[in-house]
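For reference, the chains in residue letters:
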Protein chains: 2
Amino acid sequence: MTIHTEQLDQLIDRIPQQLESRELAPITAELTELSSPDLVVVFEHLSVQHRAMAHRLLPKDRALEVFEALDPALQSDLLTALQAPEVAQLFAELDPDDRMWLLDEVPAALAARLLSGLPAEERALTAGLLGYPQDSVGRRMTPEMVSTHVGTTVAATMQRVRDRLADAETIYTIPVLDHGRKVVGVISLRDLLGATDDTLVEHLMQAPHTAEATLDAEHAARLCVDLRLLAMPIVDSENRLVGMLTIDDAARIVEIEENEDSARQGGVEPLNRPYLSTPVFTIVRSRVVWLLVLALGAALTVQVLSAFEATIEQVTALALFVPLLIGTGGNTGNQAATTVTRALALGDVRPRDLARVLGKEVRTGAMLGLLLGCMGFGITAVFFSPDIGVVIGLTLLAVCTVAASVGGVMPLAARAIKVDPAVFSNPFITTFVDATGLIIYFLIARTVLQL
Amino acid sequence: MTIHTEQLDQLIDRIPQQLESRELAPITAELTELSSPDLVVVFEHLSVQHRAMAHRLLPKDRALEVFEALDPALQSDLLTALQAPEVAQLFAELDPDDRMWLLDEVPAALAARLLSGLPAEERALTAGLLGYPQDSVGRRMTPEMVSTHVGTTVAATMQRVRDRLADAETIYTIPVLDHGRKVVGVISLRDLLGATDDTLVEHLMQAPHTAEATLDAEHAARLCVDLRLLAMPIVDSENRLVGMLTIDDAARIVEIEENEDSARQGGVEPLNRPYLSTPVFTIVRSRVVWLLVLALGAALTVQVLSAFEATIEQVTALALFVPLLIGTGGNTGNQAATTVTRALALGDVRPRDLARVLGKEVRTGAMLGLLLGCMGFGITAVFFSPDIGVVIGLTLLAVCTVAASVGGVMPLAARAIKVDPAVFSNPFITTFVDATGLIIYFLIARTVLQL
């Protein structure tokens, strides 16, 4: 999120032409003047080619600074558009954990080439992270940290900190290890500054909150954010220190996960890149699969309706309420699915809470259905006929109850079979509820109207 | 997000009975053993009364630690369930910015009582924050910080830091002020530790990224997270330092905003409290208004269909495709709305980009519509009749194009009239697209089938 100034907007509109007409000197001057966040905004609004051109115009240090701040997807675009030597250098200058974001983004061939281009020591660090499973926090932690041992004094620990100032990614949270490298506590730099030189670290340290390197990155990140830790020690299965997850990376991980969930909730695959700089074809790709799957599901409703075609022919008025009924059902299902999916993401609900969730949603759906049903009955009875009013009222009651229950349970089922709950979310549930809602509707209609 | 252990799950299930049967000694022992994050999980799963009972069992320091870690909504519940003296003490021990979260949550009367109970100095700090508008970053920043001035040496600045260790909320990012308190740079504690004692701070400082105290809290928070700043100086309109936004608070603000957007995207109001500990009636309240509004909107579809009742009577088959067509339209609209709402939240799109967004969505919708239309034509032509196939194909093309355009433009329109784009989001668009889709459908049908 950045606040746009008028000048910035004008610059964004002007740059492409200037680049095309090769007016490089003025642009270079203007770009170099901008703060890095503003540069990022400008870059996000440029096409892949223009972004690469503009990036080349920047002084080396600014170029790296901006590159680091870009989304991995844009970094990847940029790399494919830049020359090999520039690429190798940019990549070598990244922190090991930032490198991982990028490696997860670029094509495998490029990834291999990038790795082989690294200095031996940097390559070793990066290879270590690559050893952890996809989506694990091990791939998101930094291996460059400061730690201390029990029996060490504050003065000695401060010296360790000073020695690592240049390369450690975080120096503000310092894990305390026993002699088997197991994490037994953490000290904040603040505590160190407040203590006397000869104090032993074990007298200052607090109980550590750690996460295992194989843990899902989102889980670890939310833990770090919710506990408001500036950095969380990451450990192996023996509780030995292997890295640190810093809160800025944690916040970034959470933001990306939110992107995914929000996208799936709306039935699209996340773009992972700024909307305006995404080609239409890419946008279509992010939507078409979902749309087809859902359309096939919707074909079910045609089947259901054909089965009741005779009923519709007898009482055409029944057809008028179809969108209202399935729409309301879909909305009720979405509401339940949204709430429960969110609760799962935040860890407020666990798959084993199935029964409690179902209980809540059945009652919620029934209460909503009762309310809407009564209104539906009243209005329909007046404007159409009392018996149709009864059909509509009963259907709303039934559909809302079913929809809320299905919507509430579906995300838990998804999580239980290790599928992202957001995938099984709103549009999917809408489609499901459409079909079941129609069956309920016409069965009730046949019974009440004796067709 | 917290990872549940079996023991924790069992404890959660056991505590309520134990509290009821007043087996306080064993629970006290068990609770006191738990780490604070685990305690938070347990508390989140308890009812309001049980939470208050359990909280009273904790030793004072743990009680405060856990209280600080709870959602403001739960803190508020707890306050209303505890005794006045306990409440006053808990509140006095909170940091000024944490106090603000809580004050925004509790009933006005309680808020006033809490404030009046504060020691004079603390009350002054809090009152200062209360002076900033609702939802502004001024209410979320901490006024307790360390700053330094140009012309100050590293040694002198380090001394300032040591003097504020106890009360400053952050000491790792130190704003550098000129003699008018204007922010001219920032220094990290890391840079201070690496520099020689007599270096002047202006030789170490970097260009500051600041936000004005009246800026929307979400904007400022995303800025802080995206720039990966541990803390961002907050300034007044004259660029004078008034506080700091720390990244842990920024991450928390973003998480809460995500909650709101995700909820509204699904057509519910955010619960702001753990799902399982929320009474059914509260859940119903968070959904019913939305559902009624949408149902009224859906009543429009009944109107539209009645207008075409004659057409349906002539060709009942047309009724069979209604859910499929409006469902597909709704999904296409949701997809566009989701993508654009997200892009707005992340600042990738601005209201002035309206034309570019519309251009993208028209083309995207047309491409998707063309694809689905061809498939729709093929399948319907085979299973029903060629002319109905034409109707379905053309309708899908038209509906997808319209839905994507409306879905893409709606969030921008909302933002332009200062409404949360998520409010105007998916369910709303679905309802709108349902009505327009039906009109398009029957107009095409009448033309093609010459009815």
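Per an unreviewed UniProt entry, chain A carries the name Magnesium transporter MgtE and comes from Leucobacter insecticola. Its UniProt record, at the heading Subunit (unreviewed entry), says of chain A: "Homodimer."

A. The overall build of chain A, seen in detail. For chain A, the helix and strand inventory stands at 21 helices and six strands. If one aligns the C-alpha atoms of chain A with their principal axes, the spans along those axes are about 90 × 65 × 40 Å. In chain A, which comprises 451 residues, the proportion classed as buried is 58%. Sequence-distant contacts in chain A: of pairs separated by 6 or more residues, those separated by 24 or more amount to 67%.

B. Region of interest: the domain arrangement of chain A. By domain assignment, chain A separates into domain 1 (5-133), domain 2 (148-246) and domain 3 (279-449). Relative to domain 3 of chain A, the C-alpha centre of domain 2 of chain A lies at a distance of 50 Å.

C. Up close: the relation of the copies chain B and chain A. Its rotation angle being 180°, the transformation that places chain B on chain A also includes 0.0 Å of axial translation and leaves an RMSD of 0.1 Å. The transformation just described matches what one would write down for a two-fold rotation axis. Of the interface residues in chain B, 100% have counterparts in chain A that sit at the interface too, so the contact is made through matching surfaces.

D. Summary view of the pairing of strand β6 (residues 241-246) of chain A. Residues and elements named next belong to chain A. Burial of β6 is extensive: five of the six residues sit out of reach of the surface. In this structure, strand β5 (residues 231-235) lies alongside β6, joined through five bridges in antiparallel fashion. Residue pairing across strands places A231 opposite T246, the latter belonging to β6. The antiparallel hairpin formed by β5 and β6 contains five residues in its connecting segment, where N239 sits at a positive phi of about 65°.

E. Molecular detail of a nonpolar patch on the surface. Taken together, L371, M375, I379, V382, F383 and F384 of chain A make up a surface patch of nonpolar side chains, about 590 Å² in accessible area. Tracing the chain through its elements places F384 of chain A in the loop between α19 (354-383) and α20 (386-416).

F. Spatial organisation of helix α4 (residues 48-57) of chain A. Among the residues of α4 of chain A, H50, R51, A52, A54, H55 and L57 of chain A are the ones counted as buried. Lining the buried residues of α4 of chain A we find α1 (6-20), α2 (24-33), α3 (36-44), α5 (60-69), α6 (72-81) and α7 (84-93) of chain A.

G. The arrangement of the interface of chain B and chain A in detail. Contact with chain B, which involves 119 residues of that partner, is made by 119 residues of chain A. Summed over both partners, the interface of chain B with chain A buries about 10800 Å², with 63% contributed by carbon and sulfur atoms. On the surface where chain B and chain A come into contact, there are twelve salt bridges. Salt-bridge contacts for R228 of chain B lead to D248 of chain A; the nearest nitrogen and oxygen are separated by 3.2 Å. Among the elements that line the side of chain B that touches chain A, the one with the most residues is helix α15 (residues 280-307) of chain B, at 17 residues. Looking at side-chain class alone, the side of chain B that touches chain A contains 65 nonpolar, 27 polar and 27 charged residues.

H. Spatial organisation of the sheet that holds strand β2 (residues 173-177) of chain B. Residues and elements named next belong to chain B. In space, the three strands of this open sheet follow the order β1-β2-β3, with mixed pairing throughout. Two strands bound the open sheet, and with one partner strand each, they are β1 (148-149) and β3 (183-188). Relative to β2, β1 runs parallel, the two being bridged by two bridges. If you follow T148 over to β2, its bridge partner there is V176.

I. Geometry of the UniProt feature "transmembrane region" (unreviewed entry) in chain A. Residue and element names in this part refer to chain A. Under the present numbering, the feature "transmembrane region" (unreviewed entry) in UniProt falls on residues 288-308, 366-384, 390-412 and 424-444. With 95% helix and 0% strand, residues 288-308 has its two end C-alpha atoms placed 31 Å apart. Taken end to end, residues 366-384 is 95% helix and 0% strand, and its two terminal C-alpha atoms sit 25 Å from one another.

J. Focus on the confidence of the model for chain A. Mean pLDDT over chain A works out to 88, with 98% of the residues at or above the 70 mark. Interface predicted TM-score (ipTM) for the complex: 0.82; the corresponding pTM is 0.84.

Quick notes on the rules
Residues numbered from 1 in each chain as written. Chains lettered and ligands numbered in written order. Predicted model: local features only at pLDDT ≥ 70, side-chain atom pairs only at ≥ 80, totals over all residues. Heavy atoms only, no water. UniProt positions renumbered as here; feature names shortened; annotations may be inferred. Helix = DSSP H or I, 4+ residues; strand = E, 2+ residues; numbered from the N terminus. Buried < 20%, exposed > 50% of the residue type's maximum accessible area, 1.4 Å probe, protein only. Contact = heavy atoms within 4.5 Å. Domains from an automatic or database assignment. Least-squares fit on C-alpha atoms with pLDDT ≥ 70 in both. Pairing = 2+ DSSP bridges. Patch = residues over 30% accessible without salt bridge, like charges linked within 9 Å, V, L, I, M, F, W, Y side chains within 5 Å. Areas by Shrake-Rupley, 256 points an atom, 1.4 Å probe, with all protein chains shown as cover. Salt bridge = Lys/Arg side-chain N within 4 Å of Asp/Glu carboxyl O. Buried area = accessible area lost by both parts, 1.4 Å probe. Nonpolar A, V, L, I, M, F, W, Y, C, P; charged D, E, K, R; others polar. pLDDT = per-residue confidence, 0-100.

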